[in-house]
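What follows is the residue order along each chain.
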Amino acid sequence: AQSVTQLDSQVPVFEEAPVELRCNYSSSVSVYLFWYVQYPNQGLQLLLKYLSGSTLVESINGFEAEFNKSQTSFHLRKPSVHISDTAEYFCAVSGGGADGLTFGKGTHLIIQP
Amino acid sequence: EAGVAQSPRYKIIEKRQSVAFWCNPISGHATLYWYQQILGQGPKLLIQFQNNGVVDDSQLPKDRFSAERLKGVDSTLKIQPAKLEDSAVYLCASSLGTSGTNEQFFGPGTRLTVL
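Predicted model only: the values in this text are computed from it and were never measured.

What to know about the pairing of strand β4 (residues 31-37) of chain B
All names here are of chain B.
(1) Moving on: Burial analysis of β4 places 7 of its 7 residues in the buried class, which makes it a mostly covered element.
(2) Moving on: Neither face of β4 is left uncovered, since the one carrying Thr31, Tyr33, Tyr35 and Gln37 and the one carrying Leu32, Trp34 and Gln36 both have all their residues buried.
(3) Moving on: Where β4 meets strand β5 (residues 44-50), 6 bridges bridge the pair, whose relative direction is antiparallel. By the bridge assignment for β5, Gln36 is matched with Lys44.
(4) Moving on: As consecutive antiparallel partners, β4 and β5 are separated by 6 residues, and within that stretch Gly40 has a phi angle of approximately 85°, a positive value.

Some thoughts on the environment of Ala65 of chain A
Residue and element names in this part refer to chain A.
(1) Moving on: Looking at where Ala65 falls in the secondary structure, it is placed in strand β8 (residues 64-68).
(2) Moving on: The exposure class of Ala65 is buried, given its relative accessible area of 0%.
(3) Moving on: Counting along the chain gives 45 residues from Ala65 to Glu20, while the straight-line C-alpha distance between them is 9.2 Å.
(4) Moving on: Sequence-distant contacts of Ala65, that is, excluding residues within four places in its chain, are made with Trp35, Leu48, Thr55, Leu56, Val57, Phe74, His75 and Leu76.

Quick look at the interface of chain A and chain B
(1) Moving on: Contact with chain A, which involves 20 residues of that partner, is made by 20 residues of chain B.
(2) Moving on: For the pairing of chain A and chain B, the buried interface totals around 1400 Å² over both sides, and the portion due to carbon and sulfur atoms is 57%.
(3) Moving on: When residues of chain A are sorted by the area they lose upon contact with chain B, Leu44, Ala98 and Phe103 of chain A head the list and together hold 29% of the total.
(4) Moving on: Counting the contacts that link chain A with chain B gives 0 salt bridges.
(5) Moving on: Joining chain A to chain B, the criterion identifies 4 residue pairs in polar contact (both at pLDDT 80 or more).
(6) Moving on: Only β5 (32-38), β6 (45-50) and β10 (87-94) of chain A provide two or more residues apiece to the side of chain A that touches chain B.

Here's the deal with the packing of aromatic side chains
(1) Moving on: The final tally for this structure, using the stated rule, is 13 aromatic pairs over all chains.
(2) Moving on: A ring pair is formed by Phe34 of chain A and Tyr36 of chain A, whose centres lie 6.3 Å apart and whose planes are at 35°; its orientation type is tilted. Grouping residues by exposure puts Phe34 of chain A and Tyr36 of chain A together as buried.
(3) Moving on: Through a chain of ring-to-ring contacts, the aromatic side chains of Phe34, Tyr36, Phe90 and Phe103 of chain A together with Tyr33, Tyr35 and Phe106 of chain B assemble into a single cluster.

Overview of the confidence of the model for chain B
When pLDDT is low, close inspection of the predicted coordinates is not appropriate.
(1) Moving on: The pLDDT averaged across chain B works out to 94; a share of 99% of its residues lies at or above 70.
(2) Moving on: Highest mean pLDDT in chain B belongs to strand β8 (residues 75-79) of chain B (98); lowest belongs to strand β6 (residues 53-56) of chain B (92).

About the criteria used
Residues numbered from 1 in each chain as written. Chains lettered and ligands numbered in written order. Predicted model: local features only at pLDDT ≥ 70, side-chain atom pairs only at ≥ 80, totals over all residues. Heavy atoms only, no water. Buried < 20%, exposed > 50% of the residue type's maximum accessible area, 1.4 Å probe, protein only. Helix = DSSP H or I, 4+ residues; strand = E, 2+ residues; numbered from the N terminus. Pairing = 2+ DSSP bridges. Contact = heavy atoms within 4.5 Å. Buried area = accessible area lost by both parts, 1.4 Å probe. Salt bridge = Lys/Arg side-chain N within 4 Å of Asp/Glu carboxyl O. Polar contact = N/O pair within 3.5 Å; in protein donor to acceptor, adjacent residues only side chain to side chain. Phe/Tyr/Trp six-rings, centres within 6.5 Å; stacked < 30°, edge-to-face > 60°. pLDDT = per-residue confidence, 0-100.

This is the structure:
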């Protein structure tokens, strides 16, 4: 069984400042890690994922996440946030095979002008 | 390409009533998922179909919830009878392949309020 912990329910940050959203997971098998984003009044959509290979993965809009096996973490970072990044961010894990996703509780990123 | 469609978008019922939700996945997607998202929590997987067969329904409260995927395309999720704690957003998602590593595409959800 897998579980995901997102310790921060809300993260307020000023525009153009850096941000890190924390995600820790537990699993007894190999893991595949995902960040999904939900913009206001929109459905969940994939932001980025780690399956194998390079532990640093990037999204097209400037976010990156690093898979750290020893710390069982997959934190999401962005060096400079924009007002349009305001959204709910969900970390999720899958054990592969035919597994569905196990989600964390989500972190609400609030960008302050 | 059309996304995952869900209806209705909102539903208000009284406890002990029945309700059904409908999902039309992206064309050609083999795998379909139903998630329950209670306010303040992340989505929780209720049931997963591959084509028209159930892969995982371990978290589905089978005494009151049922789901089917007719002909491996559309799916319906039913609650009978509803309880107050069933108030949540019900999300449908689909993926092209059958592996848990495939990207899942989510619909807009159905917000259920049980009074």
